[in-house]
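# Summary of the model geometry
So the chains spell out like this:
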Amino acid sequence: MAASASKPSSPSGAGAPTDERGCLVRTVAVAFAEQPALEAVTIHRQAQTVSLATLGRVDEAALEARFVDALRAAQDPAATGRCGLLEGAQDCSSCERADAPSYRQHLTIRQEAETTTIARVTCPTAPRFWRWRTFALPRMVPREVELPEDEHALNEWKWQLLAAALCGVFGVTAWWLGDHTAALAFHLAAYLAGGWFAAIEVWERLQHRVLDVHFLMLAVAVGSASIGSWDEGTVLLFLFALSGGLEHYAMGRTQREIRSLFRTAPRVATLVEPSGAEREVPVDQLQPGQRIAVRPDAQFPVDAEVTKGRTAADESALTGEAVPVDKSVGDTVLAGTLNLWGMVEATVLRPVQESALERIIRLIREAQHLKAPSQRFTDRFGTGYTYAVLGLTLAMFLVWWLLAGRPAFTGPDPAQTAFYRAMTLLVVASPCALVLSIPSAILAAIAWGARRGVLFRGGAAVEKLAEVDVVALDKTGTLTTGDLQVERVESWPAGRETEVAQLAYSLESLSTHPLARAVTRHGKQHRWKPLVLDHFASVPGLGIRAVWNGQPVALGRRAWVESTLNLPPLPALDHPSAADVSHSEVWLATTELRGRLLFRDDVRPQARQVVASLRQLGLRTVVLTGDRRGPAQRLKEVLALDDVRAELSPEQKVAAVQALNSEGHRVAMIGDGVNDAPSLAAAHVGVAMGARGSDAALEQAEIVLMHDRLERFLAAFSLSQKARRIIRQNLLLSLGTVVVLVGFALFGSLPLTLGVVGHEGSTVVVVMNSLRLLLSRRTHAEPAASTTAAVQNQM
């Protein structure tokens, strides 16, 4: 057995006394002293196995028991002398203390990548005669909530409920037959039906040396049969199978809600060759830059840009908007959306694996496997709790048998035996309901939200949103529609408006800001070709600069453009009215030319009602925008906002969010652009607007409002609060049931049947309580039509 490091161990240095239970080497050394035939021990950290080398006869069972306990103690985080060798370190500080026994001088420690070998110091030829035995350490793990992926798994709950029904029928028949000889056959049939699916799961986990609560339930059922309590075991398996079927039904319903979000995307596309010929190709073979043709009533196979033709697209699957969206040259079409009436040609923007549709599906799948903080806590608590329950059960069996004088396994009254009472305690103390209490609610909330246009990227987002007391919002694309249109182009000197617009188009063609999208769409509709630019650089929140024909050019805010190029200010101009919140402007300048583009961006009709609803919920609203102060103040008056901070750079937005955090507030930041990404990351919860938002914003956000509807935030907030209430109810119910039943099992007389009903009943109630989230129709009222009209009139 080769080793990468080998050294005789010797004591060194002074040190404080250590806790011997954490030091594996001490335990091995003691075993060497007690077992002369033991020569070496190898611990495989990753595989969780122990190999023992012996020379001669040895008590293998005693050795195995010793090293199971030793390894667990050395891995115990609470051990003050935790053995560093098990972490892969070359030395163990607790093993090298001055109080180490002298016999450590006769051991060698060999460290490899995944193993630690402790052996006697012996002659080089001795290892040839060693006999190695390897045994695995069983691991007790918390029960995981598994999400069904394929159609068979989605329908498995039907078979589980059928098995539970058969178990119940056979069990009732056996009870009715009483002492008849045929009753045994029906009991066996009930056991087979009720334990079938649990036995399959136990077998799969045992192959990975893992035990969970399924094993405990089967063990109790077999134990009941062994002492003649067939009826109690049948009730246990019936309720366990019933709760398992209902759990799979709830998880299957969750998956169906998510899978029904999107129509099946097309698998083939019509590729247009450079010669004009068309041919069908698999969608996954399409590459950016290729041309495709999409006919009426067909789905767009990938994200693409229209280059020829006009049509309208049904984007309800992605945006939730039932009104068709007009598409013409320069507009972007999204994979999975429907081409309604026009024949169009489009250029592929990105592979199908990177489309907006696939990105959303991927985010949803990731969200289902990201655990909430409270769930991570119960997972950590659950493993230790399970070991504690097993230890308590064994201890109480010995107490009832040896101290209380009860029969061990059999007696005149089987219900009074120590074994019967220990099994009852094991059943009622098992954490089935606790394990399901949080993930079942979280997954139901994620599915409900995804179905209605709210994507929670994991359980943490569901919990954290309920803690928010301040909502910070961006202006463009969040409180406004983000669907900007270029209304007017001006130039100084006059007459060079086309040159200004084409330069702006060339600069903005690489940006994703709503203003940039408007400029790019404007340029493509005029069929302009981008100009050749050098030294392109983007300054988030301020603008873009480059070199064109040897002269610098800048585009962005007026003050930044003029300071960047050291230009004198222009005379007084006809600025857009400060009272008009729907207009924005962007400036462009070279050393000899200046110009500006004026845009119109309407305020979302539902914005005022959303702000009013947030105030009713006790949330403070703050707008963080890079826009001019005049329109920002007018926006505050029109929407009745609590606070507006204007002309902010991305760094200043982050500072504003951090200032709110330092004041003790929990901030939800809602934005959609690249310049919003830093503030989304700084907030307690980041919320991105729309599936068409920038990649940076979607990456930083924990919640995505996929339907581009601001009012969905109200639904998300209410859903988060409801999920938190249900989680607390589930925890109270599951823990309360365990406390009450364990109390009766320890200090009173609790029949196994009643314990089974209480234990499995609480599990069923927890699952059904979580399912209420999935089955609820709405969480918050939509803005009233009258209020929407009133807001539009004020705009």
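Notes on the structure follow. (Residues numbered from 1 in each chain as written. Predicted model: local features only at pLDDT ≥ 70, side-chain atom pairs only at ≥ 80, totals over all residues. Heavy atoms only, no water.)

## Details of a nonpolar patch on the surface
A cluster of nonpolar residues, L394, L398, V399, W401, L402 and L403, forms a patch on the protein surface that exposes about 590 Å² of accessible area. Assignment of secondary structure puts L403 in helix 10 (residues 373-403). L403 gets classed as exposed once you look at its relative accessible area, which sits at 71%. (Patch = residues over 30% accessible without salt bridge, like charges linked within 9 Å, V, L, I, M, F, W, Y side chains within 5 Å. Areas by Shrake-Rupley, 256 points an atom, 1.4 Å probe, with all protein chains shown as cover. Salt bridge = Lys/Arg side-chain N within 4 Å of Asp/Glu carboxyl O. Helix = DSSP H or I, 4+ residues; strand = E, 2+ residues; numbered from the N terminus. Buried < 20%, exposed > 50% of the residue type's maximum accessible area, 1.4 Å probe, protein only.)

## Description of the sheet that holds strand 26 (residues 620-624)
Read from one edge of the open sheet, seven strands run 18-30-29-28-19-26-27, paired in mixed fashion. Both edges of this open sheet fall to strand 18 (454-456) and strand 27 (643-645), since each of them pairs with a single strand only. With strand direction ignored, the average angle separating the axes of adjacent strands in the sheet is 20°. Pairing geometry for strand 29 (residues 685-689) and strand 30 (residues 703-705), over three bridges, is parallel. (Pairing = 2+ DSSP bridges. Axes fitted to C-alpha atoms, helices over the stretch in contact; angles between N-to-C directions.)

## Details of the sheet that holds strand 12 (residues 304-308)
Sheet architecture is open: six strands sit in the order 10-9-11-17-12-15, paired in antiparallel fashion. Both edges of this open sheet fall to strand 10 (278-282) and strand 15 (332-333), since each of them pairs with a single strand only. Pairing of strand 9 (residues 268-272) with strand 11 (residues 291-294) involves three bridges; the strand directions are antiparallel. Opposite V272, over in strand 11, you have R291 as the bridge partner.

## Regarding the pattern of salt bridges
For side chains of opposite charge, pairing can occur when their charged atoms come near one another. The full count for this structure, using the stated rule, is 20 salt bridges. For the salt bridge of D303 with R350, the shortest nitrogen-to-oxygen distance reads 2.8 Å. Here D303 is found in the loop between strand 11 and strand 12, whereas its partner R350 is found in the loop between strand 17 (344-348) and helix 9 (356-369), with 47 residues between them in sequence. Judged by relative accessible area, R350 falls into the partly exposed class, the value being 30%. A salt bridge links E562 to R594; the shortest N-O distance between them is 3.4 Å. Linking E562 in helix 18 (residues 558-564) with R594 in strand 25 (residues 594-600), this pair joins segments that are 32 residues apart in sequence. The same class applies to E562 and to R594, which are both buried. If you follow the salt bridges from partner to partner, you end up with R488, E490, E585 and R596 in one network.

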